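Survey of secondary and tertiary structure
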Amino acid sequence: MPPTPPEPGKPPQRLQDPLNDRPVKEVPLPPAQLLTAESFYEKNGEPNISALMEHLILEGALSQELLLDIISKASDLFKDEPNLLKLNDPITVVGDVHGQYYDMVKLLEVGGQPGDTQYIFLGDYVDRGSFSVEVVSVLYSLKIKYPKQVRMLRGNHECRQMTSFFNFREECEYKYDIGVYNAFMDSFDNLPLAATINGKFLCVHGGLSPDLGNVKAITKINRFTEPPKEGLLCDLLWSDPLEPKEGESRPSVKKGGPPFVPNEVRGCSYFYSFDGATTFLKKNNLLSIIRAHEAQLEGYKMHKTNPSTGFPLVITIFSAPNYCDVYNNKGAILKFDNSTLNILQFNCSPHPYHLPNFMDVFQWSMPFVIEKVTEMLYYILQPAAGAAEPEDDAAEALPPLPDSNWVNHRASLTDDQNQTVDMATRLAALISNENAKEREAGGHKVDPEVRDRMRKKVRSIARMARMFKTLRQENETVVRLKGVCPGHKLAPGLLLAGKERLTSELEMFSHAQGIDLVNEKRPEEGAKATGPTDFRDGMSDGEISP
């Protein structure tokens, strides 16, 4: 039964524990009711931020009417702002958050209370984490209450293509419906693109563009649209500084080389060289570019220093600690005060556990169930075949399954679940057909030909059991790496290597970054995540679709 709204004028009530028999009493009781506009808005019409944040920390939900109202009001505020904001210190700069709500709560404690502190967020509020709705709900509410103190820029994930490919759309549909998702997408179209601080620092999500000779060019962009795959709008969200990283195919940095080279890692936009950044900064009388867009072990990175100013040409800030629950990195924010720059770091905070991409227990358990079923088939068939022969993987390929029969398609199951049941049914039909052939051929007498056929069947079932065991093991790894691979295919060698204990934070960060590198690439038009556990894909080409 869905949560009910609270009584008028009263805050949402928590679940009760009348018998005091909860096994894990240290976990706070969650709200049993939705947060509605009557409880959220104070008498003066301003949002009650503390009530909202506490409600969301306890895993409470907002009424859909309230959430849509928050989105609409914040969207109108963004729409009235220019493409290029002009800000002054004191101000706190925040990098990627990526749906890590509980870490964002810590971030706000470290950076200073909103209202007392001016904030600018550089984008990527959604995807990867499981609490993107909560993140954007709080940020939009802060924008409504403190419109001149809270500024938000657009990141490369604030678009329909990325949120459909990763998990934000799925999260919206899981927690609310497609109408809420569409409202979020329309509001993202209104987000500003860049900002200057003290007229000396350019803040942007990604970086520079060949089309950005003068910073004023940003003011002429039509931002109220889905970002294209090329052009100035795309580059502001997607470009990276040209600095080689281990495991990446970035071009080498050569002094006097081209200022921009194609960004093969992202699949769109460009790398901008430090010579290119130096030329841009000098032409626009700026000191540095402050951007987000890339995970950093320490939460920030001061890139190459400009010899003429003694200041870093580019500063990367990343505010999602232990990114995707596997990077083991710190989060960081950047504080400007009286033209002084300070970096504040913070560690990750515990959060409720979710299966990746909001999969249900049925989907999660199927690799385990099928592995056990194939093991049972192996032990049932083995006595009839006599002593088992040594297994030879190259001896015989898996037998073809009978044609699919969708007569038993059940509307109560998802397509993945129906396909799983269908495959198990076809496997059972194959075994039944083989048994019938053997009965017709020899009655109760088992001749050598039938025995040989039975042995081949046992070997095939054994190989199938090993295949599903491998898939189950990889599924466990994917669950531990939840969020890292929403729909991409990863080489199993990378996943298997991840089971070995890493000896240092740097190795852990580098390894997770190497696994996740494919997910940094912009998906092709129309591409869509395939889900976390489609265990029928990928075995023939040596990849697993997690």
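Note that the coordinates shown come from a computational prediction; the quantities given were computed from them, not determined experimentally.

This paragraph deals with helix H4 (residues 101-111). Where burial is concerned, most of H4 is hidden: 8 out of the 11 residues are buried. Burial in H4 covers these residues: Tyr101, Tyr102, Asp103, Met104, Val105, Leu107, Leu108 and Gly111.

Attention now moves to the UniProt feature "domain: Serine/threonine specific protein phosphatases" (unreviewed entry) in the protein. Feature annotation in UniProt assigns "domain: Serine/threonine specific protein phosphatases" (unreviewed entry) to the following positions: residues 153-158. A helix fraction of 0% and a strand fraction of 0% characterise residues 153-158, whose end C-alpha atoms lie 10 Å from each other.

Compared with an ideal rise of 1.5 Å per residue, which puts 16 residues at 22 Å, helix H3 (residues 64-79) spans 22 Å between its outermost C-alpha atoms and is within 8% of the ideal. Among the residues of H3, those classed as buried are Leu66, Leu67, Ile70, Ile71, Ala74, Ser75 and Phe78. Buried residues of H3, viewed axially, fall in a sector of 165°; they line one side. Opposite its buried face, H3 presents the exposed residues Glu65 and Lys79, each directed more than 90 degrees away. The inward-facing, buried residues of H3 contact helix H1 (37-40), helix H5 (132-145), strand S4 (150-152) and helix H8 (178-188).

Along the chain, Asp89 connects to Pro90 via a cis peptide bond; the corresponding omega equals 0°. On the secondary structure map, Pro90 appears in the loop between strand S1 (84-87) and strand S2 (91-94). One non-glycine residue, Asn322, lies in the positive phi region at around 45°. Here Asn322 lies in the loop between strand S14 (314-317) and strand S15 (331-337). According to the relative accessible area criterion, Asn322 is buried, its value standing at 15%.

For the rest of this paragraph, the subject is the sheet that holds S2. The strand order S4-S3-S2-S15-S16 describes an open sheet built from 5 strands, whose pairing is mixed. Unpaired on one side and paired on the other, S4 and strand S16 (340-346) mark the two borders of the sheet. For this sheet, the mean angle separating the axes of adjacent strands, direction not counted, is 20°. Pairing analysis gives 7 bridges linking S15 to S16, with the strands arranged antiparallel. If you follow Ala332 over to S16, its bridge partner there is Gln345. Helix-sheet contacts for H4 involve S2, strand S3 (119-121), S15 and S16, and the interaxial angle to S16 is about 140°. Packing of H5 onto the sheet brings it into contact with S3 and S4, and relative to S4 it is tilted by some 130°.

Rules behind the numbers
What you see as residue numbers is a count from 1 along each chain, following the sequence as written. Reporting of local features is limited, given that this is a predicted model, to residues whose pLDDT is at least 70; pairs of side-chain atoms are given and counted only at 80 or more, and all residues count toward the totals for whole chains, interfaces and linings. Each side-chain value is derived from all of the structure's non-hydrogen atoms; neither hydrogens nor water enter the calculation. Only protein chains enter the accessibility calculation, which uses a 1.4 Å probe; a residue is then buried when its area is under 20% of its type maximum, exposed when over 50%, and partly exposed in between. Here a strand is any run of E in DSSP of at least two residues, a helix any run of H or I of at least four, and the numbering for each starts at the N terminus. UniProt positions are given in the numbering used here, feature names are shortened, and annotations may be inferred rather than shown by experiment. What a helix should span is 1.5 Å times the count of its residues minus one. As used here, the arc belongs to the directions running from the helix axis to the C-beta atoms. Whether two residues are in contact is decided by their heavy atoms, any of which lying within 4.5 Å being enough. When DSSP finds at least two bridges between two strands, those strands are taken to pair. Think of each axis as a best-fit line through the C-alpha atoms, taken over the contacting stretch in the case of a helix, with angles from 0 to 180 degrees between the N-to-C directions.

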